[in-house]
Amino acid sequence: MGKKLTDKVTWVGKIDWELKSFHGNEYSTSRGSSYNSYLIRDEKVVLIDTVWQPYDKEFVSRLKKEIDLKSIDYIIMNHNEIDHSGALVELMREIPDTPIYCTKNGAKIIKGHYHQDWNFVTVKTGDTLDIGESKLVFVEAPMLHWPDSMFTYMTGENILFSNDAFGQHYATESLYNDAADEAELYQEAIKYYANILTPFSKFVTKKIGEVLSLKLPLSMICTSHGVIWKDNPAQIIEQYLIWADDYQENQITLVYDTMWNSTRKMAEAIASGIEEADPNVTVKLFNTSKEDKNDVITEIFKSKGILVGSPTINGGHSYSIAGLLEMVAGLKMKNKKAAAFGSYGWGGEAVKQLTEKLKNAGFEVEDDGVRTMWVPDCQELDSLKEYGKRIVELFGK
Ligand code: FEO
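Since we're looking at a predicted model, the values are computed, not measured.

Along its sequence, the protein is organised into domain 1 (3-244) and domain 2 (252-395). Of note, the centres of domain 1 and domain 2, computed from C-alpha atoms alone, are 39 Å apart. The interface is formed by 13 residues belonging to domain 1 together with twelve residues belonging to domain 2. Interface of domain 1 and domain 2: buried area, both sides summed, is about 1,100 Å²; carbon and sulfur atoms make up 57% of it. The tally of links from domain 1 across to domain 2 stands at one salt bridge. Note that K191 and D295 form a salt bridge whose closest N and O atoms lie 3.6 Å from each other. If you look at where domain 1 meets domain 2, you find six residue pairs in polar contact (both at pLDDT 80 or more).

As structure tokens, then:
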């Protein structure tokens, strides 16, 4: 059942090709995911993390084929969100006294989820556990991405078990990064960073600096989702430092919803003005009622500026735009400019509302936005094109 990574380390997780949404419906997983769990066999036997609860029985029965559960000396829980701790109840039924190593917050979260008083051993940064030839070194990583998160480093094998950090929701049978489709892998990695880790970028930079200063040799990064970084594992660390540094590409993204295509026509006219004024900028348009929200957020993450459009509906704006802006506000993106646009028949409140929401979400908004009454005519489309040229000046070349 397991896949041997080294003489001492075996992958014992679950690849979930069927997963199409995660965190309820907050995160789309069109390429599936995996819940990676690892078994270490040194003089002591150690299990690192488990899998999501729906696969708990399958996990335990396959683990039994790999090893006598009673020979597991320690369980390490790097992070206790249910996709990793979900099989603990089933596992601990068999080995109730086995110590569970985790952070102090980890013990609280496990108790909060499962209401069990198992044998918790809480660890802090720098604590170690001798397991024979190798030693496990614990590094707390709070808010990467939960308060309980930590990394475990295995000496000798030089493996960093990073849990969610450096992961992707990406199902792959071959496990290793160099066997994966590189374009797909990086698309899933940036989507994961943009949608999960963006609010914690400051912690990402600080923690990576702290780990790099230890100058630990690194042969593999064993994440809890997606590939194991074996070929040049430092590449994803370097990439995280770039993403964490208020990342942007030379891209302007227009996101809009539309009822009778007036706001869509506005978006297209503005986009043509942007493209004419700066042929080097990448311009992308997304109708939020038709696109995957997490893919749109990834494109916003990559942008230096965004334009958000909605018609006025019942004195408000469209629900798909409202939902997207709620998600974007939580992600606390920095160093991005924005403006609003939209069509209306009467009232026309939407543009002002969107402008306020964008400001409150931390975007730099230096323009009151633009509105069109009913359907834009040729003259208005020309003005919108001119507005697009103005946006190029506002957002910077
Ligand atoms: Fe993969 Fe934060 O759980």
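Here L144 and H145 are connected by a cis peptide whose omega angle stands at 10 degrees. Mapped onto the fold, H145 is located in the loop between β13 (135-140) and β14 (150-154). Here the phi dihedral of D49 falls at roughly 60 degrees; this positive angle occurs in a residue that is not glycine. The residue D49 is located in the loop between β8 (45-48) and α1 (56-66) in this model. Of note in this structure, F166 is not a glycine but carries a positive phi near 70 degrees. Mapped onto the elements, F166 comes out in the loop between β15 (159-163) and α5 (182-197).

Across all of its chains, the model carries 24 salt bridges by this definition. The partner of K385 in a salt bridge is E276, and the shortest N-O contact between them spans 2.9 Å. Remark: E276 occurs in helix α8 (residues 262-277) and K385 occurs in helix α12 (residues 378-395); sequence separation between them is 109 residues. The exposure class of K385 is partly exposed, given its relative accessible area of 26%. Look at E276 and you get partly exposed, because its relative accessible area is 45%. E299 is the salt-bridge partner of K284, the closest N and O atoms lying 3.0 Å from each other. Here E299 lies in helix α9 (residues 293-302) and K284 lies in strand β19 (residues 282-287), a separation of 15 residues in the sequence. Taking relative accessible area as the criterion, E299 reaches 10% and is therefore assigned buried. In the salt-bridge network here, residues are joined through shared partners; they are E276, K385, E386 and K389.

Rules of the game
Residues numbered from 1 in each chain as written. Predicted model: local features only at pLDDT ≥ 70, side-chain atom pairs only at ≥ 80, totals over all residues. Heavy atoms only, no water. Domains from an automatic or database assignment. Contact = heavy atoms within 4.5 Å. Buried area = accessible area lost by both parts, 1.4 Å probe. Salt bridge = Lys/Arg side-chain N within 4 Å of Asp/Glu carboxyl O. Polar contact = N/O pair within 3.5 Å; in protein donor to acceptor, adjacent residues only side chain to side chain. Helix = DSSP H or I, 4+ residues; strand = E, 2+ residues; numbered from the N terminus. Buried < 20%, exposed > 50% of the residue type's maximum accessible area, 1.4 Å probe, protein only.

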